[in-house]
Amino acid sequence: MTHRFGLIFYLLACGLLASFGAVTLAQEPESDSSETATADEKDAGEKDPDEESEEKDTDDETPAKDGEAEDNKNEAEEPAADKPDEDKSEEEKEDKDATEDKKRETLKIEPKKFETEVEVDGVFVARKMSEVELRPEEWTSFEITEVVPHGTTVQEGQVLVKFDDEKLNETIADLEQEQRLSELALRKSEDELPRMEKSLAMELDDAQQTYTRALEDQEDYEEVDRAIEIKSAKHQLKSAERYLQYERDELDQLQKMYEADDLTEETEEIILTRQKAAVESAEFYVEQSKIYHDRSLNVHLPRQDVDRRERLEQAKIALERAKLAQQIDVPRARYELEKLKQDRVKSLERHSKLTKDKSLMELKSPAEGIVYYGSSVDGQWSDMAGMIAKLLPKNDAPVNTGLFTIVAPRPMYVLTTVDEKNRPDVKDGLAVEVKPVAEGDVEVIGKVAKISPIPVSSGKFALEIDLEEADLPEWLVPGMANKATISTYTKTDAIVVPKKAVHDEEDDDDKKFVWIVDEKDPKKPAEKRSVKLGKTKGDDVEVVEGLKADDVISLEDEAKKKEEEEKKSEAAD
């Protein structure tokens, strides 16, 4: 302390001498002055703020003398000149540590109000809606003749749309005429079927008998008749040849006999003439037998073979046809009769459906309210613009869809969806602030009424929000959009820290800790402290265990910071 007081007195003396142009300081060597200044700056850098304040107070009370300042100067110069380089490095390191301690980012814990919210886009939906659908059973052409405009306020039972029914009436009349004809055709088929069954059975019996006979005849022909015919042809030819030979022999014998006997020439001539005629007849008979023989063997028998086989084949085919008719024609006639019956039933059903569809030629309002074109899906009319363009006179209305929705403007609720990440925080009864998109200054108070237990789409849960009806402005109507803010958590004295101040344990990511800093001794190393986290909001997180008011934490990762400093120190060495 004495050394430092001396140095201070010396500096004050130097300042006074410089002001008055003292000769002694002007004659000192420049090198000594430079070394002294350097030492002074180092010593000044090591001072604590409290010591510096104390030294200033002492300076004010004790003025420095010229002699004392000179002595103190010499005392200050001697240690600076003799001090080793190692001491200088230590001083520089301490200065660096002090500078880094001042740069550390810290946070002093102060309890504050902490709220978490879920913001969703919703739509105002009427509690009472009645959809008017055009779902005919049979008729498909609905040409509009009259229709109420979109947005019209209507009463229950008021006509919303009329359709042209001329074609429908014509179709019903034609169908009734067809039904009368079909009834006659059905009766005829019912009467003809038994007769057809009997007739086909008789034809089958005839065909069977014919085929049996043809088969027997063929067998007899092949086994007996054909051989007999061949034998007969050969025998006839042979008999004719023998007969001819007999006649010739007799002629020869007569000629020899007549040459030796006493018969007159006239008698001989008569007998020989007759015998010659018999020979000629026998020759002709032989010639005829040969022709018959050749034709029988080469023509008649082959033709007869073919004819008999064909007759047998035809009888077989006729039998197969009769069997096929028995197997197919009768069932087909039955099926056709059944089809006539089914067609008649269908015709009667179609007639009934068309008659019912006549009631759709005028659609009336089922309730009092405002006419919205199209159907509401989750509170929205996605097809409204298309319906406005379609529902015009002379156009055909689309079938099997909702044409209108009769909406009661009050009461209303909000329908929206929440992401699955927010599903655990959203519960029935939570307060909600609803702002219509059309007017940002209007706020409607509500509460969560119901949330779907399962997703309604990928990652989305349906949510209904009840509203305070008194807060709803008159201009607010179903279908308008809104922004809903759900207050999911509120704590007035929460411990909240930035997320970056919370770190994971190396061996367990589920365990968290913070770095605690000693506010009174910034140079003291930070200490790890385990914490338990609660809700999060943006870059902040609630700490429910491990921290209290007035604790000071580091906003940096002290372990990583120390590691980086060690690497820098190793690189410097």
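Procedures and definitions
Residues numbered from 1 in each chain as written. Predicted model: local features only at pLDDT ≥ 70, side-chain atom pairs only at ≥ 80, totals over all residues. Heavy atoms only, no water. Helix = DSSP H or I, 4+ residues; strand = E, 2+ residues; numbered from the N terminus. Salt bridge = Lys/Arg side-chain N within 4 Å of Asp/Glu carboxyl O. Buried < 20%, exposed > 50% of the residue type's maximum accessible area, 1.4 Å probe, protein only. Contact = heavy atoms within 4.5 Å. Polar contact = N/O pair within 3.5 Å; in protein donor to acceptor, adjacent residues only side chain to side chain.

**Observations concerning unusual backbone geometry**
- The step from arginine 410 to proline 411 runs through a cis peptide bond, and the omega angle for that step is 0°.
- As for its position among the elements, proline 411 is in the loop between strand S9 (401-407) and strand S10 (412-419).
- At aspartate 378, a residue that is not glycine, the phi angle is positive and equals roughly 55°.
- In this structure, aspartate 378 sits in the loop between strand S8 (369-373) and helix H9 (384-390).

**Some details on the pattern of salt bridges**
- With the rule as written, the count across this model stands at 27 salt bridges.
- The salt bridge partner of glutamate 138 is arginine 350, with a shortest N-O separation of 2.9 Å. Note that glutamate 138 is positioned in the loop between strand S3 (129-134) and strand S4 (144-147) and arginine 350 in helix H8 (residues 265-357), a separation of 212 residues in sequence.
- We classify glutamate 138 as partly exposed; its relative accessible area is 30%.
- One salt-bridge network, in which partners are shared between bridges, spans Arg127, Lys450, Glu464 and Asp466.

**Quick word on the environment of glutamate 558**
- You can see glutamate 558 is positioned in helix H10 (residues 558-572).
- Glutamate 558 sits in the buried class, given a relative accessible area of 10%.
- Along the chain, glutamate 558 and valine 514 lie 44 residues apart, while their C-alpha atoms are 9.5 Å from each other.
- Apart from residues lying up to four places away in sequence, glutamate 558 is in contact with Arg104, Trp515 and Ala526.
- Among the polar contacts made by the side chain of glutamate 558, one reaches the side chain of serine 554 at a distance of 2.6 Å.

Note that every value here comes from positions in space, so none of it alone points to a role or purpose.
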